[in-house]
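These are the residues of each chain, in order.
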Amino acid sequence: MTLGIIGAMIEEITPLLELFGDYKGRQVGGNTYYEIQRGEHKIFVAYSKIGKVHSALTSSTMILHFGCEKIIFSGVAGGLSADLKVGDLILGQKLCQYDVDISAFGHPLGFIPESKIFIESDATLNSIAREIAKKQGIKLKEGTIASGDAFIADSQKKQWIIQHFGADAVEMEGASVAVVCDLLAVPFCILRSISDSADGNADVSFDEFLVSSAKRSADFVMMMCEMI
Ligand code: SAH
C-alpha cells in the first residue's frame, strides 16, 4: 500500500519527517516529495505550500505520479466552532470551498456545476482516527471544514462562513485535496489541530501555536499510519 501525507507548510511535515527519520527526497513541480519505506508499505510526505491550488497539485502528484492509494492531510486550522480551542483536533467529515461564488447565475454559494458543495471524507480512515482518539483518550471533534484562499482573521468573516456553510473550522487546503481525491476515487481524510480562532487575534495566535498544533496533528497521523 502506498500512502500520501500532505501538509501545507514545512512546519506541518517536519515532525513527521523527524519521526520517520529515514527518507529520500524526490522533486516534482517545485515540491519535494519525501519517500519512506516501511516494511512493505511506502509513504510519501510533502508540504504543498499554502492554498487550494498548491494542495490540489500536491495531491494530484501524490496520486497520479507516485501512485498513492490513500491520502491524509495533517495541519493547523482556525477554529469556528465555540467548542474548538487551540490544540484541539478536528476531523473534516465534510469539506467545502467557502470562496466559490457563482450565485449571480442562481447557484448556491460554494457550488460548481457538475461538482458538489460538500465532499465527504473516507468513512474507513475516519473510523481509524475515531478509534485511536478513543483508545488514547484524545478529544477529536468531527465536523465541517471550510477552505478558501484567505487567512481568516476577522470575526465578521468568521460568522459569515459559519452562517452559510455551518463550518466548524476554516483553513486553506482541505477542500481542494477533497475535490482531487473524490474525482480520482482515492480515500482521504483531513485532520487539523486548531492554531487560532479566525478572529481579530488570529495572526498572533497562529504564530504562537503553529509549531505545537502542527505537532499535535502530526503525532496523531503517526498513530494512524500504524493502523492503515
Ligand atoms: N504565517 C504564514 C501564513 C499562514 S496562512 C506565512 O506568513 O507564511 C495559514 C495556514 O494555516 C494555511 O495553510 C491554512 O490552511 C491554515 N490556517 C490556520 N488558521 C487559519 C485561519 N484562521 N484562516 C485560514 N487558514 C488558516
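Residues numbered from 1 in each chain as written. Predicted model: local features only at pLDDT ≥ 70, side-chain atom pairs only at ≥ 80, totals over all residues. Heavy atoms only, no water.

1. Digging into the site of the ligand
Inference 1: If you check the shell around the ligand, you find 18 residues, and the closest are I152, M172, E173, D196 and F206.
Inference 2: One nitrogen or oxygen atom from the main chain of M172 is found 2.9 Å from an oxygen atom belonging to the ligand.
Inference 3: Burial of the ligand by the protein chains amounts to 78% of its free accessible area of 570 Å².
Inference 4: When contributions to the shell around the ligand are tallied by element, the ones reaching two or more residues are β5 (70-79), β9 (169-171) and β10 (188-196).
Inference 5: Among the residues forming the shell around the ligand, the class breakdown is twelve nonpolar, two polar and four charged. (Near = heavy atom within 4 Å. Polar contact = N/O pair within 3.5 Å; in protein donor to acceptor, adjacent residues only side chain to side chain. Areas by Shrake-Rupley, 256 points an atom, 1.4 Å probe, with all protein chains shown as cover. Helix = DSSP H or I, 4+ residues; strand = E, 2+ residues; numbered from the N terminus. Nonpolar A, V, L, I, M, F, W, Y, C, P; charged D, E, K, R; others polar.)

2. Let's talk about the pairing of strand β4 (residues 41-47)
Inference 1: With six bridges joining them, strand β1 (residues 2-7) and β4 adopt parallel strand pairing. Within the sheet, the bridge partner assigned to L3 lies in β4 and is I43.
Inference 2: As paired strands, strand β3 (residues 31-38) and β4 are joined by five bridges and run antiparallel to one another. When the bridges of β4 are listed, E35 appears paired with F44.
Inference 3: Counted along the chain from β3 to the antiparallel partner β4, the turn is two residues long, and its residue G39 has a positive phi close to 60°. (Pairing = 2+ DSSP bridges.)

3. Let's talk about unusual backbone geometry
Inference 1: We note that K49 has phi near 85°; this positive angle belongs to a residue other than glycine.
Inference 2: Assignment of secondary structure puts K49 in the loop between β4 and α2 (52-65).
Inference 3: Phi is positive for A185, which is not a glycine, with a value near 55°.
Inference 4: In this structure A185 comes out as exposed when scored by relative accessible area, which is 66%. (Buried < 20%, exposed > 50% of the residue type's maximum accessible area, 1.4 Å probe, protein only.)

4. With respect to the environment of Q159
Inference 1: Along the chain, Q159 falls in helix α4 (residues 155-165).
Inference 2: With 56 residues separating them in the primary sequence, Q159 and S103 have C-alpha atoms 19 Å apart.

5. Quick word on the pairing of strand β6 (residues 89-97)
Inference 1: In terms of residue burial, β6 counts as a mostly covered element, since seven of its nine residues are buried.
Inference 2: Strand direction decides the pairing type here: β6 and strand β8 (residues 140-147), joined by eight bridges, are parallel. The partner of K94 across the bridge, within β8, is T144.
Inference 3: Across three bridges, the pairing between β6 and β10 is antiparallel. Looking across to β10, one finds that I90 is bridged to R192.
Inference 4: Sheet analysis places β6 next to strand β7 (residues 119-120), joined by two bridges and oriented antiparallel. Each bridged residue has a counterpart across the sheet, and for L95 the counterpart in β7 is I119.

6. Quick notes on the confidence of the model for the protein
Inference 1: For the protein, the mean per-residue pLDDT works out to 98, and 100% of the residues sit at or above 70.
Inference 2: The ipTM value of the predicted complex is 0.99, and its pTM value is 0.98. (pLDDT = per-residue confidence, 0-100.)

7. Some thoughts on the nonpolar core
Inference 1: Judged by nonpolar contacts, the single largest core of 32 residues is most densely connected at M62, I71, L95, A169, C181, F188 and I190.
Inference 2: For this core, the elements supplying multiple residues, two or more each, are β4, α2, β5, β6, α5 (174-183), β10 and α6 (202-227).
Inference 3: When residues of this core are assigned to their parent elements, the largest contribution, five residues, is made by α5.
Inference 4: The contacts of C181, once residues within four sequence positions are left out, are I63, I71, V186 and F188.
Inference 5: Membership of the second largest hydrophobic core comes to 27 residues, among which are I13, I132, A133 and M224. (Core = buried A, V, L, I, M, F, W, Y, C linked by side-chain atoms within 4.5 Å. Contact = heavy atoms within 4.5 Å.)

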